[in-house]
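Structure at a glance
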Amino acid sequence: MCLKIWIFRKNHQYLSSNPRCNEYIQHVYLTFCFFHLVYQKSVFLTTITLSDSLKNPIIFPSIFLIPHYDKITSMYYQVIPTKIFRQDASSLKSLLTYSSTEKLEPGQIVLVPLGKSIIPGIIYHSITPPQSPSFKIKSIYSVLSLPPLPSFLLKAAFWLSDYYLTPLPAIANLLLPKGITKKRRKKEESHSSISLTDHQKTIPLNSFQKAALKSLQQITSKTKLLHGVTGSGKTNLYLTLAMEQFQKQLSSIILVPEISLTSQLVQQFQFYFPNSVITIHSKQTEATRHQIWQEVIKNTKPLIIIGPRSALFSPLQNLGLIIIDEAHDPAYYQDNPPRYSTLRLASFIANTKNICCVYGTATPLIEDFYLAQKNYAYVSLSQKAKDTAIKPKLHLIDLRDPTSFSQNRYFSDPLIKKIAQNLERHQQTLIFHNRRGSAPLTICDQCGWQALCPNCLLPLTLHSDNFNLTCHTCGHIEPVPKICPICHHSSIIHKGFGTKLLESELHKLFRSAHIARFDADNTTETSLNHLYTKIQDGSIDILIGTQLLTKGLDLPRLATVGIVQADSGLSLPDYSSEERSFHLLTQVIGRVGRGHLNEASVFIQTYQPDHPIIHFSMQNDYNNAYQYLIKKRQLAHFPPYYHLAKLYITQKTEQTTIRKVRELYTLLRPLNDVYLSAPTPAFHEFSTNGYTWQIILKSSSRQKLISAVKSVYSFPNLKYILDPPSLL
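Within the protein chain, the secondary structure is distributed over 18 helices and 34 strands. Relative to its full complement of 728 residues, the protein chain shows a buried share of 53%. A fraction of 74% describes how many contacts in the protein chain between residues 6 or more apart in sequence connect residues 24 or more apart.

It is worth spelling out the packing of aromatic side chains at this point. Enumeration according to the criterion identifies 20 aromatic pairs in this entry. Aromatic pair Trp159 and Tyr163: ring centres 4.6 Å apart, planes at 20 degrees, arrangement stacked. Highlighted residues: Trp159 and Tyr163, both in helix α3 (residues 151–163), separated by four residues, approximately one helical turn. Given the relative accessible area of 19%, Trp159 is considered buried. In textbook terms, an aromatic cluster arises when at least three aromatic residues are bridged by ring pairs, as seen for Phe369, Tyr378, Phe582, Tyr622 and Tyr626. Over the ring of Tyr164 we find Arg702; its NZ or CZ atom is 5.8 Å from the centre of that ring.

On the surface, Leu572, Phe683 and Leu728 cluster together to form a nonpolar patch covering roughly 240 Å² of accessible area. Mapped onto the secondary structure, Leu572 falls in the loop between β28 (558–563) and α14 (577–589). For Leu572, a relative accessible area of 39% translates into the label partly exposed.

Our focus in this paragraph is the nonpolar core. By size, the foremost hydrophobic cluster in this structure holds 115 residues, and its most contacted members are Ile324, Phe518, Leu647 and Leu697. Examining the composition of this core, we find that eight residues originate from one element, α3, more than from any other. Discounting chain neighbours no more than four positions away, the residues touching Leu647 are Leu664, Leu668, Trp693, Gln694, Ile695, Leu697, Val709, Val712, Leu718, Lys719 and Tyr720. Counting 31 residues, the second-largest nonpolar core is a separate cluster that includes Leu265, Tyr272, Val277 and Val358.

A separate point is the sheet that holds strand β18 (residues 378–381). The strand order β12-β13-β11-β14-β17-β10-β18 describes an open sheet built from seven strands, whose pairing is parallel. Looking at strand neighbours, the two that pair on one side only are β12 (277–279) and β18, the edges of this open sheet. Strand-to-strand twist in this sheet, taken as the mean axis angle between neighbours without regard to direction, amounts to 20 degrees. Pairing of β12 with strand β13 (residues 304–307) involves three bridges; the strand directions are parallel. Pairing of Thr279 across the sheet is with Ile306, part of β13. Here helix α6 (residues 234–246) sits on the sheet and contacts β10 (223–228), β11 (251–255), β13, β14 (319–325), β17 (356–361) and β18; the angle it forms with β14, its principal contact strand, is near 170 degrees. Lying over the sheet, helix α7 (residues 262–272) contacts β11, β12 and β13, oriented at roughly 165 degrees with respect to β13.

Turning to the side chain of Ser576, a few remarks are in order. One can find Ser576 in the loop between β28 and α14. At 2.5 Å, the side chain of Ser576 and the side chain of Asp574 are in polar contact. Discounting chain neighbours no more than four positions away, the residues touching Ser576 are Arg633, Pro725 and Ser726.

The strand order across the open sheet built from six strands is β19-β29-β28-β20-β27-β26, with neighbouring strands paired in parallel fashion. Each edge of the open sheet carries a strand with a single partner, namely β19 (393–398) and β26 (515–518). Here the strands of the sheet are splayed against their neighbours by 15 degrees on average, with no regard to which way each runs. Taken together, the four bridges between strand β20 (residues 428–432) and strand β27 (residues 542–545) define a ladder with parallel strand orientation. Note on β27: the bridge partner recorded for Ile431 is Ile544.

Moving on to helix α12 (residues 499–509). Buried within α12 we find Thr499, Lys500, Leu501, Leu502, Glu503, Glu505 and Leu506. Those residues of α12 that are buried are in contact with α11 (413–424), β20, β22 (461–463), β26 and β27.

Another aspect to go through is the side chain of Ser577. Among the structural elements, Ser577 can be located in helix α14. Ser577 gets classed as buried once you look at its relative accessible area, which sits at 9%. Side-chain polar atoms of Ser577 contact the backbone oxygen of Asp574, separated by 3.1 Å. When near neighbours in sequence (up to four residues on either side) are disregarded, Ser577 contacts Gly569, Leu570 and Leu572.

A side chain with one charge may pair with a side chain of the opposite charge, provided their charged atoms come close. Taken as a whole, this structure holds 16 salt bridges when the rule is applied. Notably, a salt bridge pairs Asp368 with Arg344, separated by 2.9 Å at the nearest N-O pair. With Asp368 in helix α10 (residues 366–374) and Arg344 in helix α9 (residues 342–353), this residue pair connects regions lying 24 residues apart in the sequence. What makes Asp368 buried here is its relative accessible area of 6%. Owing to a relative accessible area of 25%, Arg344 belongs among the partly exposed residues under this scheme. For Lys508, the salt bridge goes to Glu505, with nearest N and O atoms at 3.6 Å. Here Lys508 and its partner Glu505 are both found in helix α12, three residues apart, which amounts to about one turn of the helix. Residue classification places Lys508 among the exposed residues on the basis of a relative accessible area of 52%.

All right, on to the packing of α3 against helix α4 (residues 168–175) then. Relative to each other, α3 and α4 sit at 140 degrees, their axes nearing to 9 Å. Taken together, the axes of α3 and α4 lie oblique to each other. Here α3 runs over α4; the crossing is right-handed. Contact with α3, carried on its side by Leu153, Ala157, Phe158, Leu160 and Ser161, involves Leu168, Ile171 and Leu175 of α4 and no other residues of that element. When grouped by side-chain class, the residues that make up the contact of α3 with α4 number seven nonpolar, one polar and no charged.

Attention now goes to the environment of Ala516. Considering the arrangement of structural elements, one finds Ala516 in strand β26. Ignoring any residue separated from it by four or fewer positions in sequence, one finds Ala516 in contact with Ile540, Ile542, Leu543 and Ile544.

Thresholds applied
Residues numbered from 1 in each chain as written. Predicted model: local features only at pLDDT ≥ 70, side-chain atom pairs only at ≥ 80, totals over all residues. Heavy atoms only, no water. Helix = DSSP H or I, 4+ residues; strand = E, 2+ residues; numbered from the N terminus. Buried < 20%, exposed > 50% of the residue type's maximum accessible area, 1.4 Å probe, protein only. Contact = heavy atoms within 4.5 Å. Phe/Tyr/Trp six-rings, centres within 6.5 Å; stacked < 30°, edge-to-face > 60°. Lys NZ or Arg CZ within 6 Å of the ring centre and 35° of its normal. Patch = residues over 30% accessible without salt bridge, like charges linked within 9 Å, V, L, I, M, F, W, Y side chains within 5 Å. Areas by Shrake-Rupley, 256 points an atom, 1.4 Å probe, with all protein chains shown as cover. Salt bridge = Lys/Arg side-chain N within 4 Å of Asp/Glu carboxyl O. Core = buried A, V, L, I, M, F, W, Y, C linked by side-chain atoms within 4.5 Å. Pairing = 2+ DSSP bridges. Axes fitted to C-alpha atoms, helices over the stretch in contact; angles between N-to-C directions. Polar contact = N/O pair within 3.5 Å; in protein donor to acceptor, adjacent residues only side chain to side chain. Parallel < 35°, antiparallel > 145°, perpendicular 65-115°, else oblique. Left-handed = near helix turned anticlockwise from the far one by under 90°. Nonpolar A, V, L, I, M, F, W, Y, C, P; charged D, E, K, R; others polar.

This is the structure we're talking about:
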């Protein structure tokens, strides 16, 4: 029997248009591989002769392999590549056309040729065959054997690209794990046996929480703001909302600002959702994150995903709820390209899928509070969860008064006395200072020389444990000089203080105390996540840390909070500095008085005891703080009344930078309804890349702001940030 058949390549296998001939193909597999490599074709025409029964030996004929495409029905697809091939902010112009003999679904992950590389891509949709294309249409190299990405992620990718004027391939990399083409060793499925009977535990809610839950359910807007004071039990509301979706066989994503908070939250969710909780964070290895991603995309049962902002891209096929805990935190904004706000993206996904998205926080962002009130999407939870909760005793200490610092220059006498009492009672103390390292300034006492980073020209920070100077911007490290490099005098002194210096001072004051420091300098073994159990059971007496310790921790043995310098962030030249200080102070004060102990105290040391933000924070007075800040925003044309864009240029020399930024300013001046700031040096003007100058754009219309950026998009070396949360 003589047959003329087509041989085609699919997922690294060669198959026939006639299934009866597949056994023959396996015998001559290497031959087809050879022709594929030589001719770079995936479809071949051949004539073969078979015996009457395929069970008998095959009669091998002479093989005529002809690279051919025209007679095979090919389908054409637009693919989102994961490699930027042109600088264009238009999402549609970032799509590439490929052909395939297979029928593919939107969201399927494929490998495609781009230049000399084979890269991952995502099928966007099928298109009609192009008529007389001006370019050669390449074929899809292979299709990965994975389910398609959910449609909401594809829509989110296009929205992010258009909303932030970001190349679509950069967004596509957020949807896929690194090393997606690598073969991983299979691990045991830890979420294979999930049943609703495992999730019938009752979640306790008090009357205030029940009222807040009812209000959340009645709001028609998909994005809702849950404004709950510290210790009000927002987590129990999260658990209840997630349980409602779980019983409908729908999954939930719970976002936290830092991976250090996952331990506490995971424990609470695992109690009510055993075998259903998956954590995702950046500290996991590439292989682990890839395996978790595969597990999630293949899973059809409800899951609870907990993690930082990247967890929002989890490819859940049955997403029913998004919760953003500590929604005020700046960690929800990705400040490296591709830049985006997790809160805005979550709101878009919620509207796209017609599901609920809850922003939970004790100190809402000014913009979010304004929009929630405007859209009738605001719910208040102003009562503490426990009846035993108390108002902490507040002590305001003026740093300008030397009589309060007779024992130590950093810790006031009342604070030292209170720490000693806590140690006797086996209670904990938290010391907050939002600056890491030992000393932020190293100078010569004779000539005034200052240790600056050679890359950034910023002051180097002393780290006394390693006795080196470190740049907290670029990571440059150098040894501490023994003599001044200018005058050669040995009078090198260190000014200011950070968490490492405070740690050493406390060790001197309380030699027997178990002290732990938590900041960005922690190793894995000394991290908050790793030591969480010891903190909970009281094994650690004194906790010292930066903003890491202000985020949602509930510590049963914590009796006292000491804020070493409450006004350290108030004077930064940024429109959000006062708001950020209010968030930090209110959050750290809220770590005590949560109902675990019958006594709580807070010591606030400051050079500005009369500053309104200090007093609003002490009284936990969000409404008056909001009124104070929103008036200043309105007068100065800042969000939520105006939209912002920051355009900046970096060049090797300062003269070139100034000349270029002035040319840019000239191009932008004719624009209507867009306010331009004068060209100014950036807050961090010098870096390894050169000098940076910037122009700030403001407009009441975001579309006009986007049009303004597009009008100068091709300007050489121009970079921009839309909706920057800070102008520093």
